[in-house]
Structure formats: C-alpha cells, structure tokens
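Each chain, letter by letter, is given below.
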Amino acid sequence: MRSRFNYFHIALIAAFAAGTILRMHMLLSQILLDDEWHGIIAALTGKGLWNIITSYNPFDNSSTPLNIYNYLVLKYFGLSELAVRLPSVLSGILSLILLPLALRKVLNEKTAIVFAVLLSISPFLIFYSRFAKAYGPMMLLSFLALLQGYQWLTTGKRTKAAWYVFLGCLAVYMHPFAVFAAVWPLVFALADFPARKLRREGILGANAPAIKDSISVAVIASGIVFAESWPMLLKSAKLPLERGGFTSAGLLTALSLQSGTANFFLNASFYLLAAFGLVSLLRRRPVLGWLLSCAVCCCMAVLAITRPYGIQNGMVLLRYMIFAVPITLALVAIAFADFITRVTRKENPAPQLLVAAAGFAGLLFAAGPLSGIYSFPNNFTNHSAYQGYYNHINWGHSDAHNIYHDFSVSSETVPPFYLWLRKQSDIKVIVEYPFDVCDFNDLFYYYQHFHKKRVIAGYCSDFHLRGYSEKSSATVGMLSADLILAGLPGTKAKFRNMVDVVNPAGLSARGVDIIVFHKYIMAPSFSPEIKKGFIRIDYRSVPFLENIYQFVFGKPIYDDGQIVCFRISHGGK
C-alpha cells in the first residue's frame, strides 16, 4: 500500500510540474487575440454589474461569469493580459491535481497515474488553459460534475449530490453546452425508479439514491439552471444556429487535436486504446461507462441537429464539447494501465506503469505541436495558425486555419524590412500598429517568424483618431483594438504586451526600439459587391501618427508601399 501511494504521488507531482510549466511557459509575453476580447468588450460596454448579470447574449461568444469577473477586474484593478486569462490559467492548473485525484477515487491508482501524465501534455487543454474563454473552466467543472454525479448514483450520499449540483450548475453557467454532460447523472437517477419495476436493483444497484433525493436534485438543479439561462432564453433568436455543419475534414482535425498529434500511427494507437478502454469500463463500471458515453454522444447529436456556426472547423467543434478530451484521456489510461498490468503480470506495476506512461506521453509530445508553438520568440501562441491543426506548419505562406477566410501572403511578399530586422542584434522589441484583434486578419505572427523580435501590439486611445478612412468599407470582418480601447483611462490599461501609440514617450519608457506603422490592412468583406472577398482598410490614425513620430524621432528608417518604420531613440529627438 505504501509503495502504491508513493508512486501515485510521484506521478501526480511530476505531471503537475510538467503541466504547469507548459501552461505558464511564455504566457506573460502573449498578446490578447481574437475571442479573448469578447469578455473585455462586455466589461467595457456593460452598464453596471446587474446589467452584465442579466443581459447575457450567446451571440457575443462570451460567458456571464467571466463577464462579471472582467467587469470587477476593470473597475477595481485595471485590465492586463494575465488578469483577463487568470480564470483559465487557474482552472488549467487545478485540473492537473483535481481530475487525477477524482479519477483515482472512482477507478484506481493505475489509471489515475496514466491519466495524470496524459493530461499534463494535452496540447488542446494547454491551449484553453492559456486562452481567456470559458472552455477551460467548463472542462474542469463538467468532468468533475460527471465523476461526482457517478459517486452520488453509486453511493446515494447527499454530500456527493450537493457537489454534483454545485459543479454541474456552475459548468452550465460557464457555458450552456456543459448541460449535455452535467445532466446525465440526474437522468440516470430518475430513470432508475421505473427500471426497478423490471429489475430488483434497477440500473444503479442497491446503493442508488432515494427517490426523494433525486427529485430534490432535479428541482434544485432545474431552478438554478433556469435562472442562469433566462437571459439567454430571452435572446435565443440570436443564437448562431443552422449555419454550420460537420465535415469529414473537421471531424478528423478534431480527433487529431484531441490526441495531440497528427501522426497517423500514434493516432491509431491512441484511439485503439480508447476503444479498448471503453469496453473495459463498460464491463467493470457500466454506469460510469454509459455516463461518459452519453455525455459525448448527446453533445455530438445536439451539434449535428443545431449546427452552430463554425463546427466545420475542428477546433471549434472540439471546444464545444471540450469535456470529451479528459473523457477520452481517461479511456486511454484505462486500457494502457490494463496492458502494462498484463505484460508485467503484476497486480500493481506502479514503477513500470509510470515509466511506460512517461514514454508514451513523450512520443505524443515529440510528434505534437508543443515544441514548435512554445518556442521563443512567439508572442502569438494562441493564433489559430498554430492551433487550427497539428500538422507541420508551412511557412511558405500565412494561413490562419479559421472559420473565416484569411488574407494570405507568401514569404516572397514579406516586406524586406523584416528580413533586415532579423540581422540587427541591438534591436530587441518592436511595436506593430494598427492591431486587428481578429486572428484571421493578423499577419504579425507570420512576420515575426522572419524577424525574430519581441512584438508589442499598438493601440490608439484617442477617440478622434479611431476608425477608418472614407474609402474603407464598414462591412468587413475585423475588430480594431482602437475601437475597443479608445478612451480607456491609462490607469485602467495595465497591459504588458500592448502600448498606446498616441504617446511616443511611452514607447521609450517601455524599451521599444522600432515602431512599424502598416499603411493598410486587408480584411474579409461581407459585402456581396466585393467579388474578391477582401478589401483594403486604411486607418484614419496612421497618417496623423506618422507626422507625430517624424516630428519626435526624425525621418523614418524605412518606408515602402506597405509599412513605414521609425527608430525610437530613448529620450526623444
């Protein structure tokens, strides 16, 4: 017993350390991008705390608990990248401890050892542990709710029922799709009573919850979820339904994102283990096996029927049902532990199991995207170019892998300035402006591949300068940081990786060496008259800011049809 305890905790500590490093590595240098801005927008445009609580709109791609959190952070502390991402970061780190401990309680230490190791290096879960959206917290709460619900079903303990209700309702509050996981323990509890008329012990066994407890859980949970969902139900017409659909490419991509590699043989091994793990679980713990199966299958069925926009993209599809990732990892862990047990012919081969699990995880890591994504310098690790799928990145051209078409450029069209910049060892930090937060419009990640300098995103706080020139169409797919942050008091803007370009002296204070002004941005047009699909966007602020920087720092060091660049002399002209 002592040996088993020690080896499990060795695995847990090692997996926790590795997983925490991967979730925190380079995080402080990452620029907020794309959907991370939805919660910020909700906080900036909210008309008070009560309005944010009662005006949830699912079309805004935001989460009410996170909107509340961002509003309070903005009001009392000010916005920063780490503050905005903190709920996701904490849920990702806590999952490394809580999920293996919970799984050990319902299964065994052998499975929990393998699960902890696989959980720590899962690229998809690492991504959503670093991304300011509700999917990471939703994953943690949903999976814990399923496991607590299973313990309630098999023990009848009211403390387990209370934890199940609390975790499940909070998961649904984080993201409505969590309901398709959290609801199943309650469904099983209510279905057990008519089943008892056919079988003496029903479907749950002798320790099943009493009928009054199940009805109480149903009433309490339904009331809480209804209260949480009422603002959404009032605006259900705005749900982006029946605009997407499954595709074979999207499904295959989702499978590789879940396994963490695009390697065919590792994927085949991973899902073969998952299949054997499911069969084994259904034999040993049929209630748990069916609970997990129903959660995944139900969510897939709902997605197929409602067809929310974007599920043709594998990343979007999998994040709607992100609780499937730890479920699949648990199934793989079950089969892997069984296999090692049979090979070693030991009842508890903890040392061999730990070594074998680390070896398998090492193969997945080596064949996965982590070493390429989280390598210095990269201030855009959350860009969909890195997260859209896990094949080898082709740097011959940019590719956002998003649900929207991106404006792609080739390596031959990269401004020569960036190639020159790479050779300048004395230049460490550059500012890029303007900054469109939509990652399918963002080419800064691509340019950084060539110049290898740290990037800070610029924004313009002046209300009078925000917006686009008259020749630019307003019907475009873009979201300017200027439009979001203009007017935000400096005391509330505590960004580490963004800077207000209205104040040149502020760049000097931040140690910026170069500022790059882009004369235009190409963005997708939603106007049917635009046959090419993209339109040139000219920012009103750029010509004005060019004049200011030329007055302060002198003539630009580079100027062509795309960009104009100024050297920031510390202390001014």
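As the structure is a prediction and not an experimental result, all values here were calculated from the model. (Residues numbered from 1 in each chain as written. Predicted model: local features only at pLDDT ≥ 70, side-chain atom pairs only at ≥ 80, totals over all residues. Heavy atoms only, no water.)

Caption draft 1: Highlighting the overall build of the protein. From N to C terminus, the protein includes 25 helices and eight strands. Taking 573 residues into account, the globule formula puts the C-alpha radius of gyration at 25 Å, and the protein, at 26 Å, falls close to it. Along the longest, intermediate and shortest principal axes, the C-alpha atoms of the protein span 85 × 55 × 45 Å. Looking at the protein as a whole, 58% of its 573 residues qualify as buried. Long-range contacts, defined as pairs at least 24 residues apart, comprise 76% of the intrachain contacts of the protein with a sequence gap of at least 6. Just so you have it, the protein exposes about 24,600 Å², and 64% of that area is on carbon and sulfur atoms. Once the 50 positive and 31 negative side-chain charges of the protein are each reduced to a mean point, those two points are 11 Å apart. (Helix = DSSP H or I, 4+ residues; strand = E, 2+ residues; numbered from the N terminus. Rg over C-alpha atoms; globule rule 2.2 N^0.38 Å. Buried < 20%, exposed > 50% of the residue type's maximum accessible area, 1.4 Å probe, protein only. Contact = heavy atoms within 4.5 Å. Areas by Shrake-Rupley, 256 points an atom, 1.4 Å probe, with all protein chains shown as cover. Lys, Arg positive; Asp, Glu negative; His and termini not counted. Charge placed at Lys NZ, Arg CZ, Asp CG, Glu CD.)

Caption draft 2: Focus on the confidence of the model for the protein. Confidence in the prediction for the protein averages 89 pLDDT; 92% of positions are at 70 or higher. No element of the protein has a lower mean pLDDT than helix α3 (residues 49-54), which averages 81, and none a higher one than helix α7 (residues 123-128), which averages 97. (pLDDT = per-residue confidence, 0-100.)

Caption draft 3: Spatial organisation of the sheet that holds strand β1 (residues 429-433). The strand order across the open sheet formed by six strands is β3-β2-β1-β4-β8-β7, and the pairing between neighbours is mixed. With one partner strand each, in any of the chains shown, β3 (498-500) and β7 (558-559) form the two edges of the open sheet. With four bridges connecting them, β1 and strand β4 (residues 514-518) associate as parallel partners. The residue bridging I430 from the neighbouring strand is I514, located in β4. Against the sheet, helix α22 (residues 444-451) touches β1, β2 (454-459) and β4, its axis set at about 150° to β1. (Pairing = 2+ DSSP bridges. Axes fitted to C-alpha atoms, helices over the stretch in contact; angles between N-to-C directions.)

Caption draft 4: Spatial organisation of the environment of F188. Here F188 lies in helix α11 (residues 184-196). Residue F188 is classed as buried on the basis of its relative accessible area of 12%. Once the C-alpha coordinates of F188 and S214 are considered, the two residues, 26 residues apart in sequence, prove to be 9.7 Å apart. Apart from the residues lying within four places of it in its own chain, the contact partners of F188 are L153, I203, L204, V287, W290, L291 and C294.

Caption draft 5: Focus on α22. Among the eight residues that make up α22, seven are buried, leaving the element largely enclosed by the rest of the structure. All of the buried residues along α22 are F444, Y445, Y446, Y447, Q448, F450 and H451. Buried residues belonging to α22 abut α20 (384-387), α21 (416-422), β1, β2 and β4. Residue K452 follows α22 closely and has a positive phi angle near 60°.

Caption draft 6: Quick look at the packing of helix α8 (residues 135-155) against helix α15 (residues 286-306). α15 packs onto α8 with a crossing angle of 145° between their chain directions and a minimal axis gap of 10 Å. Crossing handedness for the pair α8 and α15: right-handed. Touching F143, L146, L147, Y150 and L153 of α8 are V287, L288, L291, L292 and A295, all from α15. Among the residues making up the contact of α8 with α15, the classes are represented as ten nonpolar, no polar and no charged. (Left-handed = near helix turned anticlockwise from the far one by under 90°. Nonpolar A, V, L, I, M, F, W, Y, C, P; charged D, E, K, R; others polar.)

Caption draft 7: Examining the packing of α8 against α11 more closely. Two elements in contact, α8 and α11, have axes whose closest approach is 8 Å; the angle formed by their N-to-C orientations is 20°. Taken together, the axes of α8 and α11 lie roughly parallel to each other. Crossing geometry of α8 relative to α11 is assigned as right-handed. Contacts from A145, L146, G149, W152 and L153 of α8 reach α11 at P185, L186, F188 and A189. (Parallel < 35°, antiparallel > 145°, perpendicular 65-115°, else oblique.)

Caption draft 8: Representation of unusual backbone geometry within the structure. Here the bond from F376 into P377 is cis, since omega is -10°, no more than 30 degrees from zero. Take P377: it is sitting in the loop between α19 (370-373) and α20. In this model, Y433 is joined to P434 through a cis peptide bond whose omega is 0°. Among the secondary structure elements, P434 is positioned in the loop between β1 and α22. If you check the backbone angles, R307 has positive phi at about 50° while not being a glycine. If you trace the backbone, R307 turns up in the loop between α15 and α16 (314-320). The backbone phi angle of R345 is positive, close to 60°, even though this residue is not glycine.

Caption draft 9: The arrangement of a nonpolar patch on the surface in detail. There is a patch of nonpolar side chains on the surface, built from L28, L82, L86, L90, L94 and L98 and spanning about 480 Å² of accessible area. Relative to the assigned elements, L28 resides in the loop between α1 (2-24) and α2 (37-45). Exposure remark for L28: the relative accessible area of 45% places this residue in the partly exposed category. (Patch = residues over 30% accessible without salt bridge, like charges linked within 9 Å, V, L, I, M, F, W, Y side chains within 5 Å. Salt bridge = Lys/Arg side-chain N within 4 Å of Asp/Glu carboxyl O.)

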